[in-house]
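# Commentary on secondary and tertiary structure
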Amino acid sequence: QVQVVESGGGLVQPGGSLRLSCAASGSIFRLNTMGWYRQAPGKQRQSVAVISSEGSTNYVDSVKGRFTISRDNAKNTVYLQMNSLKPEDTAVYYCKAQILTNGYDVDVWGQGTQVTVSS
């Protein structure tokens, strides 16, 4: 059994910052690519940022230069530092981890954390 749990969402004014965290736990043999996704009301879930086990990163164009994804492999944790937040960043943010567990590669999603950018 493996799970990921997000934290760090909340309400912030435009131009503000938030830091999201996502910790994986359970029977983890290897933690592969981890990523952050978001879903705004009435819209499809989109990839925001991903980071490989080696530290390679990829961002959606709309957050480049504002968001930074990082990971701490010792803690099985991935972070998303969000700066210069805009109202259009408002969404539920989900963490996904690709985990090798019990001989199987599985994608594990968190429950999501709400980020609201509003004055």
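Everything here concerns the structure above.
Overview of the structure. The residue numbering used here restarts from 1 in each chain and proceeds along that chain's sequence as written. In keeping with the model being predicted, local features are shown solely for residues with a pLDDT of at least 70 and side-chain atom pairs are shown and tallied solely at 80 or more, while totals for entire chains, interfaces and linings include all residues. Only heavy atoms go into the side-chain values, all of them from the structure, while hydrogens and water stay out.

Time to look at the sheet that holds strand β8 (residues 77–82). A pair of strands is treated as paired once DSSP finds two or more bridges between them. Counting from the N terminus, the helices are DSSP H or I runs at least four residues long and the strands are E runs at least two residues long. Read across the sheet, four strands follow the order β1-β3-β8-β7 without closing on themselves; strand pairing throughout is antiparallel. Bordering the open sheet on either side are β1 (2–7) and β7 (67–72), each of which pairs with just one other strand. On average, each strand axis in the sheet is tilted by 15° relative to the strand beside it, whichever way the strands run. The pairing of β7 with β8 spans six bridges and is antiparallel. Each bridged residue has a counterpart across the sheet, and for F67 the counterpart in β8 is M82. Every angle, taken between N-to-C directions, lies between 0 and 180 degrees, and every axis is a line fitted to C-alpha atoms, over only the stretch in contact when it is a helix.

In this section: the environment of V60. Position of V60 relative to the elements: it lies in the loop between β6 (57–59) and β7. In this structure V60 comes out as partly exposed when scored by relative accessible area, which is 21%. Once the C-alpha coordinates of V60 and A49 are considered, the two residues, 11 residues apart in sequence, prove to be 6.4 Å apart. Setting aside residues up to four positions removed in sequence, V60 forms contacts with Q46, S47 and V48. Relative accessibility under 20% of the residue-type maximum defines a buried residue, over 50% an exposed one, and the middle range a partly exposed one, all with a 1.4 Å probe and only protein chains included. Two residues form a contact once any of their heavy atoms are found within 4.5 Å.

Right, let's talk about the state of the cysteines for a bit. By definition, a disulfide is the covalent link that joins the sulfur atoms of two cysteine residues. A pair of sulfur atoms, both from cysteines and within 2.5 Å, is called a disulfide here. A complete count under the given rule lists one disulfide for this structure. The disulfide bridge from C22 ends at C95, spanning 2.1 Å between sulfur atoms. Around the S-S axis, the bridge from C22 to C95 shows a dihedral of about -75° and counts as left-handed. Separated by 73 residues along the polypeptide, C22 in strand β3 (residues 18–26) and C95 in strand β9 (residues 91–101) bring together distant segments of the chain. For the pair shown, C22 and C95 are each scored as buried.

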